[in-house]
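A structural walkthrough
As a plain string of letters, each chain reads:
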Amino acid sequence: LENKLKTRTIYDKTLRKDGIIKKIISKILPVIEEKVNKRSKEILGVEIIMRVEEGDILIELDKEGKIMESGTWSGSEKFLIELLLRDEISKLCK
């Protein structure tokens, strides 16, 4: 029982927002950001900025030097950025 409890504690620590998942996401975000930006500049004329803050992934748009939080994006910007993100993530998972 004690061994199972120790194993569970280690498992829980690795899956916390500040655990190994955060380290993996922090390494992969710049790759995703770069690939999405190549296409978003061409299609929308904007760049995305991705970062991890308090365990959450934040995405903002840089539109001609003006930083825009996701709540202020137009419907088409949201749709196209989401589509680009999904496409690049799916490519990385292959």
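Everything that follows concerns the structure shown earlier in this document.
First, a word on what this report is: a plain description of the structure on this page. Computed from a prediction, not measured in an experiment: that's the story for all the values here.

Here the focus is the overall build of the protein. Scanning the protein for helices and strands turns up three helices and three strands. Tracing the protein from N to C terminus, the helices and strands come up as α-α-β-β-β-α. Residue burial in the protein is summarised as follows: out of 94 residues, 20% are buried. The contacts of the protein with a sequence gap of at least 6 include a subset with a gap of at least 24, amounting to 37%.

Per the stated rule, a full pass over the model turns up ten salt bridges. Glu34 is paired through a salt bridge with Lys38; the nearest N and O atoms lie 4.0 Å apart. With Glu34 and Lys38 both in helix H2 (residues 20–43), this residue pair falls four residues apart, about one helical turn. What makes Lys38 exposed here is its relative accessible area of 57%. One salt bridge connects Glu82 with Arg86, and the closest N-O pair in it is separated by 3.0 Å. Residue Glu82 and its partner Arg86 are both found in helix H3 (residues 75–93); the two are separated by four residues, about one turn of the helix. When salt bridges that share partners are traced, they join Arg39, Asp87, Glu88 and Lys91 into one network.

The next subject is the sheet that holds strand S2 (residues 56–63). What the three strands build is an open sheet, ordered S1-S2-S3; its pairing is antiparallel. Of all the strands in the sheet, the pair left with one neighbour each is strand S1 (47–53) and strand S3 (66–69). When the angles between neighbouring strand axes are averaged without regard to direction, this sheet yields 35°. Sheet analysis places S1 next to S2, joined by seven bridges and oriented antiparallel.

Next up on the list: the side chain of Ser40. Inspection of the secondary structure assignment puts Ser40 in helix H2. The class for Ser40 is buried, based on a relative accessible area of 0%. If we skip the residues at most four places from it in the chain, Ser40 touches Gly45, Val46, Glu47, Ile48, Ile81 and Leu84.

A few words on H2. Taking 1.5 Å of rise per residue, the 24 residues of H2 would be expected to cover 34 Å, and the 34 Å separating its terminal C-alpha atoms lies within 8% of that figure. Approximately 30° is the largest bend angle found in H2, and it occurs at Ile28, with the proline Pro30 only one to four residues beyond. Residues of H2 that are buried include every one of Leu29, Ile32, Glu33, Val36, Asn37 and Ser40, and no others. Packing partners of the buried residues in H2 comprise S1, S2 and H3. Of the residues flanking the end of H2, it is Gly45, one or two places downstream, whose phi is positive at about 75°.

Rules of the game
Residues numbered from 1 in each chain as written. Predicted model: local features only at pLDDT ≥ 70, side-chain atom pairs only at ≥ 80, totals over all residues. Heavy atoms only, no water. Helix = DSSP H or I, 4+ residues; strand = E, 2+ residues; numbered from the N terminus. Buried < 20%, exposed > 50% of the residue type's maximum accessible area, 1.4 Å probe, protein only. Contact = heavy atoms within 4.5 Å. Salt bridge = Lys/Arg side-chain N within 4 Å of Asp/Glu carboxyl O. Pairing = 2+ DSSP bridges. Axes fitted to C-alpha atoms, helices over the stretch in contact; angles between N-to-C directions. Expected span 1.5 Å × (residues − 1). Bend = angle between axes of the 7 residues up to and from the residue.

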